[in-house]
Amino acid sequence: MRRTVPPSAEIQAEIDRLLGKGMVDDPQKMLGDLARLGARLIIQRAVEEEFDGWLGRARYERRPERERGLKNYEAGLRNGFRPRHLQTGEGELEVQIPQARHTTVPFVSRLFPKWHCKRLFRTDPLKALVIGGFVRGLSMRDIESLCEEAGLGKLSRSTVARICAELHERFEAFKQRSFYDTNLVVLFLDAIFLPVRPQGPKEGVICAWGIDENGHRALVSVQLGARESKEDWLELGRDLTARGLAAPRLVVADGAPGLISAIGEIWPRADRQHCCVHRLRNLQAKLPKSEHDRVRFNYWSALTDATSVKDGKLRLEVLISELEHRGYEAAARCLAEDLDALVVHLRYPLRHRERWRSTNLLERSLGEVRRRTKVMGRFPGESSCLSLVFAVLDLYNSTATPSTRRSPPPRLTPGTSKPQRIYSG
């Protein structure tokens, strides 16, 4: 069968299908599948870009004017792909190598020399394992043994030390980098509570993701917020402002009173969207299980089918009235609270609403942090904790599906820096 799309697009579609399943029975297996697909996607794209550079033009791109008079055997044409296999930290992966015809020499990727049937690629999960062992307080010898037992090859002490030093340097640079050239359209704020110290209660680590005007996703901040109070969030916002971050157009966060107050003080002109997923969780906590499915369906239908802010509020007010009529006064009050902020995303273009109405983008990455830190027990201190959180989030950002990053930027109307909004009614 003739291939009409590049293999990297097929892998990307497979990742999108996997992420589209939502909640699954075996999240560990799903994360493992995502890790393997992410590794395949990175390597496959590298090979395809290398081939485009070797051929002198991208896929579907017309031949340059100087080559149009040449015969086929002088210009070179694409001729499908052939499979190659390689060993990585995620196991054996298959990569499709582009082929060419009518060329004087065949294409040979620098990643796959002809004399190598299989190669061991030291991918980012190896670094994550080393970093995870380091922040747990393991010795160099323990980390070396851990990598060998995991089938990731033998590591020298110098390699482990270099990886850990690189992490420290990257985290320090991350905390100091300038934002004067960064214009965020959306800022997502959330926190995760972890056992930061050998003793004492869990403390909050507050994080911020952003999406810029080009649709690129960026990790903005990771810092300690012991109680997730207003003062903690004010400190984060002031730090970002001092480093040149302009006010975002939309801030998406949960309904914590301290966070809401801090957003209004730091970015008073920004729109604030109350996370719809957090609100649904609060709502279901005040309902019997027998009502969960019905209320969840009506809740999402009201937000998805709404054509404007006014329409969205009317639909939710109908649901509030229904809850009151059925005797669920606490649930009705929960939904009515901060109702205006729950429908702010309906001011924005339709293609962005579903992604911008919740902090799911940030919560998925924090879920990966929770999974990796659950087996670690307590951290030896806050620097170790923050280093690991940064390492996991940075790894997640570099290997997760780029569907968010490739989404088109919001269209801007002439003479304004605000995104074009959709107002009806």
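A brief report on the enclosed structure follows. (Residues numbered from 1 in each chain as written. Predicted model: local features only at pLDDT ≥ 70, side-chain atom pairs only at ≥ 80, totals over all residues. Heavy atoms only, no water.)

### Some details on the overall build of the protein chain
Test applied: Segments assigned H or I by DSSP are reported as helices when at least four residues long, segments assigned E as strands when at least two residues long, and all are numbered from the N terminus. Three labels apply to residues, based on accessible area from a 1.4 Å probe with only protein chains included: buried if under 20% of the type maximum, exposed if over 50%, partly exposed otherwise in between. Only heavy atoms enter the contact rule, under which two residues are in contact if any of them lie within 4.5 Å. Using a 1.4 Å probe, accessible areas were evaluated by the Shrake-Rupley method; residue-level cover was limited to the displayed protein chains.
Along the backbone of the protein chain there are 16 helices and 8 strands. Buried positions account for 46% of the 425 residues belonging to the protein chain. Excluding contacts between residues fewer than 6 apart, the proportion of contacts in the protein chain whose partners are at least 24 apart in sequence is 65%. For the protein chain, the exposed area adds up to about 22100 Å²; of that, 51% sits on carbon and sulfur atoms.

### Considerations on the side chain of His352
We apply this condition: Nitrogen and oxygen atoms within 3.5 Å of one another constitute a polar contact, given that in protein one can donate a hydrogen and the other can accept it, and given that sequence-neighbouring residues count only through two side-chain atoms.
Checked against the element boundaries, His352 lands in helix H14 (residues 350-356). Looking at His352, the relative accessible area reads 2%, which means it is buried. Polar contacts involving the side chain of His352 include one to the side chain of Arg351, which spans 3.5 Å.

### Considering helix H10 (residues 292-305)
For clarity, the threshold we go by: What a helix is expected to span follows from its residue count: subtract one and scale by 1.5 Å. The arc in question is the one spanned by the directions pointing from the helix axis to the C-beta atoms.
For H10, which comprises 14 residues, the first-to-last C-alpha distance of 20 Å matches the rise-based estimate of 20 Å (1.5 Å per residue) to within 8%. Taken as a whole, H10 has its buried residues at His292, Val295, Tyr299, Ala302 and Leu303. Taken end-on, H10 shows its buried residues confined to a sector of 110°, consistent with a single buried face. For H10, the exposed residues lying more than 90 degrees away from the buried face are Asp293 and Phe297. Packed against the buried residues of H10 are helix H9 (276-284), helix H11 (309-325), helix H12 (329-336) and helix H13 (339-342).

### Details of the pairing of strand E8 (residues 271-274)
So the rule is basically this: Each pair of strands is called paired provided DSSP finds at least two bridges between the two strands.
Burial along E8 is two-sided: the residues Asp271 and Gln273 and Arg272 and His274 are all buried. Taken together, the 4 bridges between strand E7 (residues 250-253) and E8 define a ladder with parallel strand orientation. Bridge assignment links Leu250 to a residue of E8, and that residue is Asp271.

### Quick word on the sheet that holds strand E6 (residues 217-224)
Filter applied, for reference: Every axis corresponds to a line fitted to the C-alpha atoms, with the helix fit spanning only the stretch in contact, and the corresponding angles, defined between N-to-C directions, vary from 0 to 180 degrees.
The strand order E6-E5-E4-E7-E8 describes an open sheet built from 5 strands, whose pairing is mixed. Looking at which strands have only one partner, the edges of the open sheet turn out to be E6 and E8. Pairs of neighbouring strands in the sheet enclose a mean axial angle of 20°, with direction left out of account. Across the sheet, helix H7 (residues 230-242) is in contact with strand E4 (184-194), strand E5 (203-212) and E6; its angle to E6 comes to roughly 130°.

### Side note on the side chain of Asp232
Inspection of the secondary structure puts Asp232 in helix H7. If we skip the residues at most four places from it in the chain, Asp232 touches Ile206, Gln223, Gly225, Ala226 and Arg227.

### Quick word on the pattern of salt bridges
Operational definition: Salt bridge criterion: a side-chain nitrogen from Lys or Arg within 4 Å of a carboxyl oxygen from Asp or Glu.
In the structure shown here, the tally under the stated rule is 17 salt bridges. Two residues, Asp271 and Arg347, come together in a salt bridge whose shortest N-O distance is 3.2 Å. Taken together, the residues span a long stretch of sequence, with Asp271 in strand E8 and Arg347 in the loop between H13 and H14 at a distance of 76 residues. A relative accessible area of 10% means that Asp271 is categorised as buried. Between Asp293 and Arg296 there is a salt bridge, and its shortest N-O distance comes to 2.9 Å.

### Structural notes on H12
Every α-helix winds through 3.6 residues per turn, so residues three or four apart in the chain are directed the same way. Taken together, the buried positions of H12 are Ala331, Ala332, Cys334 and Leu335. Mapping the buried residues of H12 onto a view down its axis gives an arc of 160°, with all of them on the same face. Asp338 sits one or two positions beyond H12 and adopts a positive phi of about 55°.

### A closer look at the nonpolar core
Taken as a class, soluble globular proteins show a tendency for nonpolar side chains to be buried jointly. We count it as follows: Here, nonpolar core refers to any group of buried Ala, Val, Leu, Ile, Met, Phe, Trp, Tyr and Cys residues whose side-chain atoms link them within 4.5 Å.
By size, the foremost hydrophobic cluster in this structure holds 34 residues, and its most contacted members are Phe188, Val205, Cys207, Val222, Trp356, Val389 and Leu393. For this core, the secondary-structure elements that each account for two or more residues are helix H6 (157-176), E4, E5, E6, E7, helix H15 (360-373) and helix H16 (382-399). Here this core gets 8 residues from one element, more than from any other, and that element is H16. Residues in contact with Val389, not counting those within four places in the same chain, are Leu194, Val205, Cys207, Val222 and Val369. Leu189, Ala191, Leu259 and Ala262 belong to the second largest nonpolar core, which has 22 residues in total.

### A word on the environment of Val251
Considering the arrangement of structural elements, one finds Val251 in strand E7. When the C-alpha positions of Val251 and Val186 are compared, they lie 5.8 Å apart, and in sequence the two are 65 residues distant. When sequence neighbours within four positions are dropped, the list of residues in contact with Val251 reads Leu187, Leu189, Ile263, Trp267, Ala270, Asp271, Arg272 and Gln273.

### Considering the pairing of E4
For E4, a buried count of 10 out of 11 residues is recorded, marking the element as mostly surrounded by other parts of the structure. Here E4 runs beside E5; their pairing, made up of 10 bridges, is antiparallel. Looking at E5, one finds that Asp190 is bridged to Cys207. Across 3 bridges, the pairing between E4 and E7 is parallel. Following the sheet pairing, Val186 is matched in E7 by Leu250.

Interpretation note: all reported values are geometric properties and have no functional meaning in isolation.
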